[in-house]
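Each chain, letter by letter, is given below.
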Amino acid sequence: MIPKDKIEEVRERTGIVALINEYVPLKKRGANWLGLCPFHSEKTPSFSVNEDKKIFHCFGCHETGSAITFLMKKDGLPFPDAVKALARRCGVSIKEEKGAGGGVRDSLYKVNSAARDYYTRVLFSREGGDAREYIKKRGFTDKELVVKFGLGYAPQGWSGLFHHLERAGYSAGLLLKAGLISKGDKGSYDRFRERLIFPITDIRERVIGFGGRALGERGPKYLNSPETVLFKKGETLFGLFQAGPSIKELGFAIVVEGYFDMLAMYAAGFTNTVATLGTALTKGHIRLLRGYGGSVYTLFDSDEAGDKATRKSMELFVGEDMRCKVVTIKGAKDPDEFLRSNGAAEMKKAINNAVPLMEFYLKGLEADHSLTTPEAKAVFLDKALHYILQIKNMAERDHYASYVASVLQMPAASVYEALRSGTVSSPEDRVHDRAPLDRRSIASLRGGALVEFILLKAVLSKNALYSEAVREAVEAFGDKSLKRAGLIICDAMDSRGEVRIDELAESFEGAEIDGFMKTGLLGDANDFMEDPERMFKDSLKKILNRGKLKKATKEMLGRLEDSGQTELVEKIRSRIEKKGL
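Residues numbered from 1 in each chain as written. Predicted model: local features only at pLDDT ≥ 70, side-chain atom pairs only at ≥ 80, totals over all residues. Heavy atoms only, no water.

1. Describing the overall build of the protein chain
So, point 1. Each helix and strand in the protein chain was counted, giving 29 helices and 16 strands.
So, point 2. Taken across its 581 residues, the protein chain has 48% of its residues classed as buried.
So, point 3. Contacts in the protein chain between residues far apart in sequence, at least 24 positions, make up 66% of those at least 6 positions apart.
So, point 4. Taken as a whole, the protein chain presents about 28,600 Å² of accessible surface, with 50% of it coming from carbon and sulfur. (Helix = DSSP H or I, 4+ residues; strand = E, 2+ residues; numbered from the N terminus. Buried < 20%, exposed > 50% of the residue type's maximum accessible area, 1.4 Å probe, protein only. Contact = heavy atoms within 4.5 Å. Areas by Shrake-Rupley, 256 points an atom, 1.4 Å probe, with all protein chains shown as cover.)

2. Description of the pattern of salt bridges
Two side chains that carry opposite charge are able to pair once their charged atoms sit near each other.
So, point 1. Under the counting rule described, the total for this entry stands at 22 salt bridges.
So, point 2. Taking the shortest distance from any N to any O, the salt bridge between Glu22 and Arg89 comes out at 2.8 Å. A residue pair is termed long-range when its members are at least 10 positions apart, and Glu22 in the loop between helix H2 (16–21) and strand S1 (27–29) and Arg89 in helix H4 (residues 79–90) qualify at 67 residues.
So, point 3. The class of Arg89 is partly exposed, set by a relative accessible area of 33%.
So, point 4. Salt bridges sharing common partners tie together Lys6, Glu9 and Arg13. (Salt bridge = Lys/Arg side-chain N within 4 Å of Asp/Glu carboxyl O.)

3. Structural notes on helix H19 (residues 394–408)
So, point 1. Between its first and last C-alpha atoms H19 spans 21 Å; for 15 residues at 1.5 Å apiece the expected length is 21 Å, and the two agree.
So, point 2. Of all the positions in H19, only Arg397, Tyr400, Ala401, Val404, Ala405, Val407 and Leu408 are classed as buried. All buried residues of H19 lie within an arc of 160° about the axis, which places them on one face of the element.
So, point 3. On its buried side, H19 packs onto strand S16 (355–356), helix H17 (357–368), helix H18 (374–388) and helix H20 (412–420).
So, point 4. Immediately beyond the C-terminal end of H19, within one or two residues, lies Gln409, with a positive phi of roughly 55°. (Expected span 1.5 Å × (residues − 1). Arc of directions from axis to C-beta.)

4. Notes on the sheet that holds strand S5 (residues 64–65)
So, point 1. Within the open sheet, the five strands sit side by side as S1-S2-S3-S4-S5. Their pairing is antiparallel. At either end of the open sheet lies a strand with only one pairing partner, and these are S1 and S5.
So, point 2. For S1 and strand S2 (residues 32–35), the ladder comprises three bridges, and the chain directions are antiparallel. Looking at S2, one finds that Lys27 is bridged to Leu34. (Pairing = 2+ DSSP bridges.)

5. What to know about the sheet that holds strand S13 (residues 273–275)
So, point 1. One open sheet accounts for five strands, arranged S13-S12-S14-S15-S16; its pairing is mixed. At either end of the open sheet lies a strand with only one pairing partner, and these are S13 and S16.
So, point 2. Of the pairings in the sheet, the one linking strand S12 (residues 252–256) to S13 comprises three bridges and is parallel in character. Residue pairing across strands places Ile254 opposite Thr273, the latter belonging to S13.

6. Some words on helix H25 (residues 501–508)
Since the α-helix packs 3.6 residues into each turn, any two residues three or four apart lie on the same face.
So, point 1. For H25, a buried count of six out of eight residues is recorded, marking the element as mostly surrounded by other parts of the structure.
So, point 2. For H25, the complete set of buried residues consists of Ile501, Asp502, Leu504, Ala505, Glu506 and Phe508.

7. Regarding the packing of aromatic side chains
Any pair of aromatic rings gets described here by the distance separating the centres and the angle formed by the planes.
So, point 1. Per the counting criterion, the structure on display carries 22 aromatic pairs.
So, point 2. Between Phe149 and Tyr266, the ring centres sit 5.1 Å apart and the planes meet at 85°, which makes this aromatic pair edge-to-face. With Phe149 in the loop between helix H7 (143–148) and strand S6 (152–154) and Tyr266 in helix H11 (residues 259–267), this pair connects stretches of sequence that are 117 residues apart.
So, point 3. Judged by its relative accessible area of 4%, Phe149 falls in the buried class. (Phe/Tyr/Trp six-rings, centres within 6.5 Å; stacked < 30°, edge-to-face > 60°.)

8. A look at the pairing of strand S9 (residues 195–201)
So, point 1. Counting buried positions along S9 yields seven of seven residues, so the element is predominantly enclosed.
So, point 2. Of the two faces of S9, the one holding Arg195, Ile197, Pro199 and Thr201 and the one holding Leu196, Phe198 and Ile200 are both buried throughout.
So, point 3. Sheet topology places S6 next to S9; three bridges connect them, and they run antiparallel. By the bridge assignment for S9, Tyr153 is matched with Leu196.
So, point 4. Counting the residues between successive antiparallel strands, the hairpin from S9 to strand S10 (residues 207–214) contains five residues, one of them, Glu205, with a positive phi of roughly 65°.

9. Comments concerning the pairing of strand S14 (residues 295–298)
So, point 1. Residues Ser295 and Tyr297 point to one face of S14 and Val296 and Thr298 to the other, with burial holding for every one of them.
So, point 2. Here S12 runs beside S14; their pairing, made up of four bridges, is parallel. Residue pairing across strands places Ala253 opposite Val296, the latter belonging to S14.
So, point 3. Relative to strand S15 (residues 324–326), S14 runs parallel, the two sharing three bridges. Bridge assignment links Val296 to a residue of S15, and that residue is Cys324.

10. Some remarks on the nonpolar core
So, point 1. Core analysis: the largest hydrophobic core is formed by 63 residues, its most contacted members being Tyr119, Leu180, Phe238, Ile254, Met265, Met347 and Ile351.
So, point 2. The leading source of residues in this core is helix H5 (residues 104–123), at nine residues.
So, point 3. In this view, Met347 contacts Met265, Phe270, Leu299, Ile329, Pro335, Phe338 and Leu339; residues no more than four positions away in its chain are not counted.
So, point 4. In terms of nonpolar packing, the next biggest core, distinct from the first, is built from 45 residues, Val296, Leu357, Ile388 and Val415 among them. (Core = buried A, V, L, I, M, F, W, Y, C linked by side-chain atoms within 4.5 Å.)

11. What about the confidence of the model for the protein chain?
So, point 1. Here the protein chain averages 84 in pLDDT, and 87% of its residues register 70 or above.
So, point 2. In the predicted structure, residues 97–102 sits below a pLDDT of 50 and forms four contacts with residues beyond four places in sequence or in another chain.
So, point 3. Low pLDDT, under 50, characterises residues 423–441; the predicted model gives this stretch 36 contacts beyond four residues in sequence or across chains. (pLDDT = per-residue confidence, 0-100.)

Here you go:
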C-alpha cells in the first residue's frame, strides 16, 4: 500500500489544471478553467477545473474528481498506478513496500520502451541496412524524422528480441502480456520479424504497442501488436503525441489511414496529422480527438474502400456531435503518393477545399440512386433525413433540408414537414448539456431528502459544525445515495477533523452516489447556503426528531386508530415523514 501521507503529498503537489490541459484545452473563466468534457459528447464547454479545490467537474455528465481520479478515468489506471504516475510527474518519491512490486502497467511500459530501443538500435546497425534503404525509397531521407517517431527494425531471426529482453531481466510471461512474443509448439518466438517497426505511443509518449511493415514475403503486409492492457486499436491514433500541439494550434486534426501516409503528411508540414491503425475510424478515436478541440478532416484513400469508409463515418460524427470535413485527392491512391506526385502546395489546396461530411455524404447518396422514380426518391429522403434529423444546429439543419429539396425537386416545405415528424427531438426539446445545478435543481428535492442534502452541504461549507449528532442523523437518512455520501463525509471528519473536496471526490468514486448529488455536494457552497449555521441547526433538528412526534400529535393519531381510521393514520404519518418532520 501507498502511505496516506504520500497520497496527500501527491494531491497537494499536482497541478490539476496543467495535468488536464494536456488532455483537454482549457481556458480561464473567473476562478475556474473551462473546456470540452473528455467523458461525453458536447459542443459547449461544460467541463470545469478548479486549481484551489483541486477538482474537476462536468455539469453535463456529472463526472467529478481529483487529479488522481481524472488519470484513473482517462488512462484506465487503478488507483495505486494513478498515484504513482502523478508522483513521478511532480517529483514525489514513493518507497514500495517489500514484495509489493510495481504495477503491471508500469512493467508493460518499461518492457515496451526496452523493445523500442532494441528495434531502433538494430535499424541503425548493419542488420538494418535493407530497412534503411526501404525508408529512403519511400522518400524519407530525413534522419531526424525517423528518430522523432522512433522507427526501428525487427531482424529476420525468430528470437532476437526475446533473448535480448530475457537477458535484460524481463520474463517471458511479461513479454507475452505485452504482445512482443508469441507462443507456439516449439516455444516462444518474436511476434515481429523482418519488419520496419513503428512504435505506437500514448499522448504522454509512453510506448503502448507497435506496428510492423513487412519487408520480406512472410506474413501480412502490416501487423500490429495484439490488444493488451495498454493497447486498444479502436482508442489509439498513431502520431497523436507528435501532432497534438499542432492540432490545438490549428483547431483541427487530419486523419489518414496508414503509418506512411501520416509520416509523409508530417514531413510535408501538415503536422496536425494522425493515423488510424489498420482499423476503421471509431467512436474512441473521435472522443480522443475531441479533447484537442476543433474539428476533424478525414483524408482517406481515394479508392472505393476509402470512399466507403468516409461515408460510414457519418454515423459516428453525427452521433458524437463532432464537426468533420472531407479532403478528396485525385490522381493518387493515398496521401503519401499524392504528395510525392503533386507536392505540399497541391495538398494544401485539397485541404482548403475540404467539404463538410454531410455534403459529401448527400452527394454520394445522390450518385448511388437514380432519382427518377418515386421509390428512389423516397429511399434517398429516408437516408438523408436519418442524419439531418440528428444535426443539433438549426441553421445547419435547414441548409441541408433545402439541399435535399433541391435535389429531389420537391417543395422545401415538404422536407421541413418530414423533419418535423421525425423521431429525433429538436435542440429546443433537449436539456442543454451544460445546464448547471442551480436553485431549481436543488428545489426538485423534496421533504426529507432536501433536509438531508442541506445538512451535508452545511457541514461541507463549515467543517466546525460537525459533531457526533451529525453521524447519528446521517445513520437515519432515508435517501440511500445521500446516506452513502454522508457516511463518507463522517468518516473523513472522524479521522482527520476536516474534509478536503478533492479527497472527497475520490471517495465518492464508485460509491453509487447519484451524479446529481455529487454535483450539489461538491459544488460551491455560496450558490445555495445563505446561512449555513441556521440551516444546519434546522435540518439536524428535523432529522433527529423524525419519529418523535409531539405528544398532542401522538394522542390524536391514537384516537384515530382506536376509531378504526387506520388508513388515515398511515397517510398522516407518511405526509409527516415526507416533510422531514
